[in-house]
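Here are the chains, one letter per residue:
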Amino acid sequence: MAEIVLGMWTSHGPTLSTTAEQWTLRVSADKAQKDHPFRGKTYNFEELVALRSGEDLGRKCALPERMKRKEACDRAIGVMADKFAEVAPDVAVILGNDQRELFLDDVIPAVTVFWGDKIWDQPMTEEQAAKMPPGIREAEWGHCPPEYREYPGLPELGLRVIKTAIDNKFDVAQSKRLPVHPEHWFRGTPHAFGFIYRQIMRDKVVPNLPIIFNTFFPPNQPTVKRCFEFGRLLGSAIRSWPANKRVAVFGSGGMSHFVIDEDFDRMFLEALRTRDVETLTGIEDKYFQSGTSELKNWVTAAGVLFDTDLRGDVVGYTPCYRSEAGTGTANGFVYWS
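What you see is a predicted model; the values in this text were computed from it and never measured. (Residues numbered from 1 in each chain as written. Predicted model: local features only at pLDDT ≥ 70, side-chain atom pairs only at ≥ 80, totals over all residues. Heavy atoms only, no water.)

Student: Quick question: what am I supposed to make of helix α9 (residues 262-273) here?
Tutor: Since there are 3.6 residues in each turn of an α-helix, residues three or four apart along the chain are aligned in direction. Over its 12 residues, α9 extends 16 Å from the first C-alpha to the last, a length consistent with the 16 Å expected when each residue adds 1.5 Å. Of the positions making up α9, those classed as buried are Glu262, Phe264, Asp265, Phe268, Leu269, Ala271 and Leu272. One or two positions beyond α9, positive phi appears at Arg275, with a value near 55 degrees. (Helix = DSSP H or I, 4+ residues; strand = E, 2+ residues; numbered from the N terminus. Expected span 1.5 Å × (residues − 1). Buried < 20%, exposed > 50% of the residue type's maximum accessible area, 1.4 Å probe, protein only.)

Structure, rendered in structure tokens:
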């Protein structure tokens, strides 16, 4: 039977693939946005500056501090990649989300199991890169390969997960090939998965099963309780898979962004550390909005990993501020082995 030998929760965003100097390229978009979610309410940029004026964010977003925090993230990624290489799992299951990279308004499934033979990815063309917002195109190297590549999928396990899900009242979508939208700015693997391939697996990609969640876009985001329940079901499907394979499970995304909330993140990490199901699944959905919604991928992974004997702790937690409004990305890294 298959054995789960490694669990990893990791951030994956552009902050990790750009320089500290480039983080502020996103501030113009922060200022233009009028509805930043933060602690269950929404604010414009100026309102956030006033609300958070006592948090010393001017210093925290200054270049010297940004550089220190970028170095801390780089160290944590190195530790995660080293651990993956040390454990050397045979295959991986990656829980991530899509941000209009695969699915557009024609169809956005709540949960999609990709069970094709091959997963392909490629770099952006110059035309595609020109359509990307500042601060996003600069991060391409961190999740896109330098040339067209194909990675091995796990169709046998994918089919098993789909059948197990349907039999247990989870009506998942299924895909055997990545959709392509010729007019779209992005073609390839979503960055939640590409980051794992490039920066954690270091381009030595093992056969893997991508499971894609719609965490961002209303109205069909799965609830946090549903994510945890799906994780438990997924764990049972993996453990009953009659293959002599050592499996790594990834929760890719998070932590709080694009308005950082350190108190929320530390509460979440403590609940993860103590396997506190009640706290994790009791967080109201109003807190899982915008980028923070990616933590539902972590909750799904927790559903898998809480039922194992694996142990570990936080490798790193670094809130990476880019403005005095508290915008930016908090980056977290955890492994259990």
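Next comes the rest of the description.
Student: I'm lost on the packing of helix α8 (residues 224-239) against helix α11 (residues 295-305) in this one. Help?
Tutor: When two helices pack together, you describe them by how their axes are tilted relative to each other and by the distance separating the axes. α11 packs onto α8 with a crossing angle of 40 degrees between their chain directions and a minimal axis gap of 6 Å. When the axes of α8 and α11 are compared, the pair comes out oblique. Here α8 runs over α11; the crossing is right-handed. Two secondary-structure elements touch here, α8 through Val224, Cys227, Phe228, Phe230, Gly231, Arg232, Leu234, Gly235 and Arg239 and α11 through Lys296, Val299, Thr300, Ala302, Gly303 and Val304. A per-class count over the contact of α8 with α11 returns eight nonpolar, four polar and three charged. (Axes fitted to C-alpha atoms, helices over the stretch in contact; angles between N-to-C directions. Parallel < 35°, antiparallel > 145°, perpendicular 65-115°, else oblique. Left-handed = near helix turned anticlockwise from the far one by under 90°. Contact = heavy atoms within 4.5 Å. Nonpolar A, V, L, I, M, F, W, Y, C, P; charged D, E, K, R; others polar.)

Student: Help me out: how do you make sense of the pattern of salt bridges in this one?
Tutor: Pairing between side chains of opposite charge can happen when their charged atoms approach one another. One pass over the full model with this rule turns up 20 salt bridges. In this structure, Arg100 engages Asp105 in a salt bridge whose closest nitrogen and oxygen atoms are separated by 2.8 Å. One salt bridge connects Asp203 with Arg198, and the closest N-O pair in it is separated by 3.0 Å. Under the relative-accessibility criterion, Asp203 is labelled partly exposed at 29%. (Salt bridge = Lys/Arg side-chain N within 4 Å of Asp/Glu carboxyl O.)

Student: What is the right way to read the nonpolar core from this model?
Tutor: Here is a general trend for soluble globular proteins: nonpolar side chains tend to be buried in one another's company. In terms of nonpolar packing, the biggest core is built from 57 residues, with Ile211 and Phe230 touching the most fellow members. In terms of nonpolar packing, the next biggest core, distinct from the first, is built from 35 residues, Ile119, Phe195, Ile196 and Val206 among them. (Core = buried A, V, L, I, M, F, W, Y, C linked by side-chain atoms within 4.5 Å.)

Student: Looking at this structure, I do not really get the side chain of Arg322. What am I missing?
Tutor: Along the chain, the position of Arg322 falls in the loop between β12 (312-321) and β13 (327-336). Here the side chain of Arg322 touches Asp30 through a polar contact of 2.7 Å, side chain to side chain. Apart from residues lying up to four places away in sequence, Arg322 is in contact with Trp23, Thr24, Arg26, Val27, Asp30, Cys61, Phe258, Thr327 and Gly328. (Polar contact = N/O pair within 3.5 Å; in protein donor to acceptor, adjacent residues only side chain to side chain.)

Student: For this particular structure, what's the right way to read the packing of helix α4 (residues 63-87) against helix α7 (residues 191-200)?
Tutor: Axis separation between α4 and α7 bottoms out at 9 Å; the angle between their running directions is 80 degrees. Here α4 lies roughly perpendicular to α7, going by the angle between them. Residues Ile77, Met80, Ala81 and Phe84 of α4 form the contact with α7, whose participating residues are Phe195, Gln199 and Ile200. When the residues that make up the contact of α4 with α7 are grouped by side-chain class, the tally is six nonpolar, one polar and no charged.

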